[in-house]
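Here is how the chains run, residue by residue.
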Amino acid sequence: MRYWGFFVLLALMSYQPGPKFPAKLSDYGFFDGKPQDQKPAKGVMPYELVSPLFSDYASKLRFIQMPSGQSVNYNPDSVFQFPVGTRIVKTFYYPNDERHPHEGRRLMETRVLSHEPTGWVALPYIWNEEQTEAYLEVAGGTSVVEYKDAKGKKQQVNYVVPNVNQCKGCHERDGEMTPIGPSARQMNSTMTYAHGAENQLEYWSRTNQMKGLSGNRPAFVSYLDENASLNERVKAYLDINCAHCHNPKGPAKSSGLFLGHTYYGSTAYGIMKSPVAAGRGSGGINYDIVPGKPSESILLYRMDSHDPGIMMPELGRSKIHQEGVALIKAWIKSIH
Amino acid sequence: MGQAPFEKALQTQFILASDGDVIELEEGNFQIAGSLSLEGKKKITIRGKGMDKTVLSFKNQTTGAEGIKITNCENIILEDLTVQDSKGDLIKTMHVKDIIFRRIKAEWTGGPKSQNGSYALYPVLCTNILIDSCVAIGASDAGIYVGQSQHIEVKNCTAYQNVAGIEIENSLYADVHHNHAYGNTGGILVFDLPDLIQKKGGFVKVHDNLIEENNLSNFAPKGNIVGKVPKGTGMLILATSHVDIYENKILNHRTVGVGIISYFMAEIAIKDKEYDPYPTAISVFNNTFERQLGRVPLEGRFAQIYRFKLRFGRNVPHVVYDGVLDTARCGTDGKYLGPHKICVHDNVNQSVANMDAEHDFKNVKRNPADLDCVQEYVKSNQF
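Note that residues are indexed from 1 along each chain, following the sequence as it is written. Chain letters and ligand numbers both follow the written order, the letters beginning at A and the numbers at 1. The predicted nature of this model means local features are confined to residues of pLDDT at least 70 and side-chain atom pairs, given and counted, to a pLDDT of 80 or more, with totals for whole chains, interfaces and linings taken over all residues.

## With respect to the domain arrangement of chain A
Residues and elements named next belong to chain A. In plain terms, the rule: These domain boundaries are the output of an automatic or database domain assignment. Counting from the N terminus, the helices are the DSSP runs of H or I reaching at least four residues and the strands are the DSSP runs of E reaching at least two. Residues are grouped as follows: Ala, Val, Leu, Ile, Met, Phe, Trp, Tyr, Cys and Pro are nonpolar; Asp, Glu, Lys and Arg are charged; every other residue, Gly included, is polar.
Along its sequence, chain A is carved into domain 1 (14-211) and domain 2 (230-334). Here the C-alpha centroids of domain 1 and domain 2 sit 26 Å apart. Elements represented by at least two residues in the side of domain 1 that touches domain 2 include exactly β11 (154-161), α2 (164-170) and β12 (172-173). Classifying every residue of the side of domain 1 that touches domain 2 gives 10 nonpolar, 5 polar and 4 charged.

If you want it as structure tokens, here you go:
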């Protein structure tokens, strides 16, 4: 009887003119047990990115659910093309104390990217005060959260959940919604699964969830890895934090500034490039990046601000990413 | 959670709007804390109760780089409202086909300040733009700025206390007429810049405008090209081709009425191989110029060129051309072939100078013969 009801519901959903989405996160069934425990149900795969986007120091849990029996094709260069029906789930949270990550956390929001027949749709679910459920809020929201950072210092964040339009502000290629994170470079890393540690690409391939894995397996370094080369860390940092907009098909294409790793070192990457419509974002200086001169580089100036009219990225943060700023500063200093 | 009920309701309306909807805004002054965004819709009208009656104030904005952002839409009308004091641009529209701004006031209310946002009305990468009877005040770059777009009409608008009143940049087929640009640093600018997606602008008509007293000190943050515009500029054509400027009143500019310059004057290295840095095929005719005798103001790089190189004294010419030629478009006489010529004729109080910038301003010529010409299409009224 329950199965019958499920199929009727599916049929109803598919015949509606605009897709209706569950009002509650728990309605999807992504998680076993209590949703706040974030234990993936069968068929929901956890994954990690090597060099993730900075989002006001929030921690993130990531999951992918592909339709049963389906798989994704491997490609070495761009974000994987997941089949229709795929859902990508990302939960943002703050540990109460970063020094003791297992001693409680505050879940902020869970974003669901749903691959509908008409394209990807972004849906923000905001967790309630009781931390028992998250509810769909198309207009987003803001709330203040406090936590202790890795040094034990008390931090406060005015956390902003983007509205569904703002989601597209980053997740866009040629006007269409698209995922940003899961690519070979970002997922070619070892993850700790329930069964043990394994390379993510190899695990997906071995379990038939990925087809066509080849020997060509590029990888980003972690931009936080101080043993990696400065250039490689910068490539990874600017790619994930900036290139979703700053690419020839993205929302910031009007700037002519392209920060994908393949543009590294070019004028389009900002090297001695004049800004176009930076306004007061220019900070009174002339070029995006002046080799050897961090204090004369607009790119760093805009990373080092939290004024909404100046800062970059323009959404998704209210804090300055100090580690990112330090990285870019060191890099600009090092190049000629 | 944080957003005021009005703001949340309005943003929700923007998100859930069905194609064909009219979103009506009540009279009143509404404080908005985050960018309002409209995305992926067709045939939406956003309508207030009138300029200065429905006011959206972003004075206490905490998130988002603009006041209102409209992206990937078709057939959008914004009308009868005022938007104020956003942290970045006031209204930005990107990738919109058929967009109308009508009776919109977009302003920074604290006077001209470098902390003001860049653009008041900012369509970019759009097609079929009408900006009609709008008012733009206080932009630290351009009040009305159309960038990398095609098929544009800007009419009956007023722009003051901006760095640039109206600017058309890397845009094709723009008709800018019956506007009033006064009290800015520069009145109306037509620019083509390198390193952009839409490479080439041009086919721009600027006519029947009142452009006066644009003598405000430049308050653009350094690093922006508009920061190089000298105060006292009526119009400036930078590296654009096919521009007709006619039947305007261009009055009381302390530096220049109409400047026509190549990108070399910006003194920025050009690395974009597809970029055309030369202004060509420009006609300036049937305009009225007025200016009282007096030296150009001493502010910025151009003032130095005026003072130390051009040495016009108090009798400063209304129209100035930098004289940097693209030899590929020249005939054997070393002058532009017919269709590429810069022509200045039949203006009231006309006075012209060629700066000879190419030879370090050595041979500055007043009323040079090679600018005294009439384009064939002007002769036959085909403009």
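## What about the sheet that holds strand β3 (residues 44-47) of chain A?
All names here are of chain A. What counts is decided by this rule: Paired strands, as defined in this entry, are two strands with at least two bridges between them according to DSSP. Geometry is summarised by axes, namely lines fitted to C-alpha atoms with helices restricted to the contacting stretch, and by angles between N-to-C directions that run from 0 to 180 degrees.
Here 6 strands make up an open sheet; going across it, the order is β3-β4-β6-β7-β8-β9 and the pairing antiparallel. Edge strands, defined here as strands with exactly one partner in the open sheet, are β3 and β9 (134-136). With direction set aside, neighbouring strand axes in the sheet form an average angle of 25 degrees. Bridge analysis of β3 against strand β4 (residues 59-65) gives 4 bridges, and the strand direction is antiparallel. By the bridge assignment, M45 is partnered in β4 with I64.

## Looking at the interface of chain A and chain B
Accessible area lost on assembly of the parts is the figure often given for the size of an interface. What counts, and what does not: Contacts are defined on C-beta atoms placed from the backbone: any two residues whose C-beta positions lie within 7 Å are in contact.
Listed as interface residues are 36 residues of chain A and, on the opposing side, 42 residues of chain B. Secondary-structure elements contributing two or more residues to the side of chain A that touches chain B are β10 (141-148), β11 and α2 of chain A. Per-element accounting of the side of chain A that touches chain B gives the leading share, 4 residues, to α2(A). Along the lines of polarity and charge, the residues of the side of chain A that touches chain B split into 12 nonpolar, 18 polar and 6 charged.

## Some points on the environment of V290(A)
Its place among the elements puts V290(A) in the loop between α5 (230-241) and α6 (298-303). Considered as a pair, V290(A) and K333(A) are 43 residues apart in the sequence and their alpha carbons are 8.9 Å apart.

## Points about helix α7 (residues 322-334) of chain A
Since the α-helix advances by 3.6 residues per turn, residues separated by three or four positions end up pointing in the same direction. Residues and elements named next belong to chain A. As a reminder of what qualifies: Expected helix span is computed as 1.5 Å times (number of residues minus one). Working definition of burial: number of other C-beta atoms within 10 Å of the residue's own, with buried at 20 or more, exposed at 12 or fewer, and partly exposed in between, all C-beta atoms being placed from the backbone. Taken from the helix axis, the directions to the C-beta atoms give the arc we talk about.
Helix length check: α7 (13 residues) gives 18 Å between terminal C-alpha atoms against 18 Å at 1.5 Å per residue, within 8%. Buried within α7 are the following residues: G324, L327, I328, W331 and I332. Projected onto a plane normal to the axis of α7, the buried residues spread over an arc of 125 degrees and lie on a single side. Away from its buried face by more than 90 degrees, α7 exposes Q322 and A326.

## Let's talk about α5(A)
Residue and element names in this part refer to chain A. Compared with the 16 Å implied by 1.5 Å per residue over 12 residues, the 16 Å span of α5 between its first and last C-alpha is a close match. In terms of burial, α5 is a largely internal element, 9 of the 12 residues being buried. All buried positions along α5 are accounted for by R233, V234, K235, A236, Y237, L238, D239, I240 and N241.

## Here we look at the confidence of the model for chain A
The condition is simple: For every residue, the predictor reports its confidence as pLDDT, a number between 0 and 100.
Mean pLDDT over chain A works out to 90, with 94% of the residues at or above the 70 mark. Every residue in residues 1-18 of chain A scores below 50 in pLDDT, and together they form 2 contacts with partners more than four places removed in sequence or on other chains.

## Looking at the environment of I131(B)
Residues and elements named next belong to chain B. Along the chain, I131 turns up in strand β9 (residues 127-132). Sequence-wise, I131 and A9 are 122 residues apart; in three dimensions their C-alpha atoms are separated by 27 Å. When sequence neighbours within four positions are dropped, the list of residues in contact with I131 reads F101, L121, I144, V154 and C157.

## Quick notes on the pairing of strand β6 (residues 87-95) of chain A
All names here are of chain A. Counting buried positions along β6 gives 7 out of 9 residues, so the element sits mostly inside the fold. Note that β4 and β6 share 7 bridges and pair antiparallel. Residue F63 lies in a different strand from β6, and its bridge partner there is V89. One ladder, built from 9 bridges, connects β6 with strand β7 (residues 105-116); its direction is antiparallel. The residue bridging V89 from the neighbouring strand is V112, located in β7.

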